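Topology and contacts: notes
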Amino acid sequence: DAGVIQSPRHEVTEMGQEVTLRCKPISGHDYLFWYRQTMMRGLELLIYFNNNVPIDDSGMPEDRFSAKMPNASFSTLKIQPSEPRDSAVYFCASRFGGTGVPSATQYFGPGTRLTVL
Amino acid sequence: RKEVEQDPGPFNVPEGATVAFNCTYSNSASQSFFWYRQDCRKEPKLLMSVYSSGNEDGRFTAQLNRASQYISLLIRDSKLSDSATYLCVLRGYQKVTFGTGTKLQVIP
């Protein structure tokens, strides 16, 4: 089975540009998470969805960040306008909310390495 | 106080050594605990869950001490392939929190 798919894998852009990161969760998973990872702050949860509905977006740094999940197989994280301090690795993760597996077993995508110049 | 605290390391240990990491947490309502492993420039992957009674998976032993609010990971007979960053993870109600990780470097 395919794991979580993220695109692009690498993105280099200039300050002020719009950036859109994409994620396809594992089929059948009903939770989807967006994380940001930097050396200084580690892995930070930005937002997560359950059944395509945003549940907690308290980690979204500011209004420049927005996330959508129009259907169960696709989510986007958009940064507009981007700033150099947004440079980080952005991970998407998904999991199944049922029983039978450790309920925090999240499956991570390979990440998008974003560099904002 | 941070919700989850880990010694960032790095822990440099020779092959074959035993090494242990601790992770302390501040929220006593945390329900479940896990160790994830992250290789350089890769995504985090679940290593093992942590149960109250302690649990083993081969060379890895995880323990939970609710009274003192910490979890631990013990690695016996370290291999070069164990070199990675180890993240502790807590799950509370509707929330999962990752530690910033402890870096392990196993040296030949």
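For the structure itself, look to the data block above.
Throughout what follows, the structure given in this document is the object of discussion. (Residues numbered from 1 in each chain as written. Chains lettered and ligands numbered in written order. Predicted model: local features only at pLDDT ≥ 70, side-chain atom pairs only at ≥ 80, totals over all residues. Heavy atoms only, no water.)

In this section: the interface of chain A and chain B. How large an interface is tends to be reported as the accessible area lost when its parts come together. Counting residues at the interface gives 17 residues for chain A and 14 residues for chain B. Around 1500 Å² of area is buried between chain A and chain B when both sides are counted, 55% of it from carbon and sulfur atoms. Counting the contacts that link chain A with chain B gives zero salt bridges. Between the two partners, chain A and chain B, sit two residue pairs in polar contact (both at pLDDT 80 or more). (Contact = heavy atoms within 4.5 Å. Buried area = accessible area lost by both parts, 1.4 Å probe. Salt bridge = Lys/Arg side-chain N within 4 Å of Asp/Glu carboxyl O. Polar contact = N/O pair within 3.5 Å; in protein donor to acceptor, adjacent residues only side chain to side chain.)

To describe a pair of aromatic rings, you give the distance between the ring centres and the angle between the ring planes. Following the criterion strictly, the structure yields 13 aromatic pairs over all chains and no others. Residues B:Phe11 and B:Phe21 carry aromatic rings whose centres are separated by 5.2 Å and whose planes lie at 85° to one another, so their mutual orientation is edge-to-face. In this pair, B:Phe11 is assigned in strand β2 (residues 11-14) and B:Phe21 in strand β3 (residues 19-25), connecting sequence segments 10 residues apart. Among the residues examined, B:Phe21 registers a relative accessible area of 1% and is labelled buried. With centroids separated by 4.9 Å and ring planes inclined at 45°, the aromatic side chains of B:Tyr25 and B:Phe33 adopt a geometry described as tilted. In terms of burial, B:Tyr25 and B:Phe33 fall into one category: buried. Aromatic ring contacts, followed pair by pair, group A:Tyr31, A:Phe33, A:Tyr35, A:Tyr48, A:Phe91, A:Phe108, B:Tyr36 and B:Phe98 into a single cluster. Its guanidinium or amino end placed over the ring of A:Tyr31, A:Arg95 lies 4.1 Å from that ring's centre, counting from NZ or CZ. (Phe/Tyr/Trp six-rings, centres within 6.5 Å; stacked < 30°, edge-to-face > 60°. Helix = DSSP H or I, 4+ residues; strand = E, 2+ residues; numbered from the N terminus. Buried < 20%, exposed > 50% of the residue type's maximum accessible area, 1.4 Å probe, protein only. Lys NZ or Arg CZ within 6 Å of the ring centre and 35° of its normal.)

What follows is about the pairing of strand β11 (residues 112-116) of chain A. All names here are of chain A. Burial of the side chains of β11 is restricted to one face: Thr-112, Leu-114 and Val-116 are buried, whereas none of Arg-113 and Thr-115 on the reverse face is. Relative to β11, strand β9 (residues 88-95) runs antiparallel, the two sharing three bridges. In the strand pairing of β11, Ala-88 is matched with Leu-114. (Pairing = 2+ DSSP bridges.)

The next subject is the sheet that holds strand β8 (residues 70-75) of chain B. Paired through backbone hydrogen bonds, the strands of a sheet run either parallel or antiparallel to each other. Residue and element names in this part refer to chain B. Pairing is antiparallel in the open sheet, where five strands are placed in the order β1-β3-β8-β7-β6. With one partner strand each, in any of the chains shown, β1 (4-6) and β6 (55-57) form the two edges of the open sheet. Shown here is a sheet whose adjacent strand axes are inclined to one another by a mean of 20°, direction ignored. As defined by bridge partners, β6 adjoins strand β7 (residues 60-65) across three bridges and the pair is classed as antiparallel. Following the sheet pairing, Asp-57 is matched in β7 by Phe-60. (Axes fitted to C-alpha atoms, helices over the stretch in contact; angles between N-to-C directions.)

Judged by nonpolar contacts, the single largest core of 23 residues is most densely connected at B:Phe21, B:Trp35, B:Ile71, B:Leu73, B:Ile75, B:Tyr86 and B:Leu104. Elements that contribute at least two residues to this core include exactly β3, β4 (32-38), β5 (44-50), β7, β8, β9 (84-92) and β11 (102-107) of chain B. Setting aside anything within four residues of it in sequence, one finds B:Ile75 in contact with B:Ala17, B:Thr18, B:Val19, B:Phe21, B:Arg59, B:Phe60, B:Asp82, B:Tyr86 and B:Leu104. Core analysis: the second largest hydrophobic core is formed by 21 residues, A:Leu21, A:Leu32, A:Ala67 and A:Val116 among them. (Core = buried A, V, L, I, M, F, W, Y, C linked by side-chain atoms within 4.5 Å.)

Looking now at the pattern of salt bridges. Residues and elements named next belong to chain A. Enumeration according to the criterion identifies 12 salt bridges over all chains in this entry. Its salt-bridge partner being Lys-78, residue Glu-18 comes within 3.8 Å of it at the nearest N-O pair. Of the two residues, Glu-18 sits in the loop between β2 (10-13) and β3 (19-24) while Lys-78 sits in strand β8 (residues 74-79), which places them 60 residues apart along the sequence. In this structure Glu-18 comes out as partly exposed when scored by relative accessible area, which is 44%. Among the charged side chains, a network of salt bridges with common partners joins Glu-62, Arg-64, Glu-83, Arg-85 and Asp-86.

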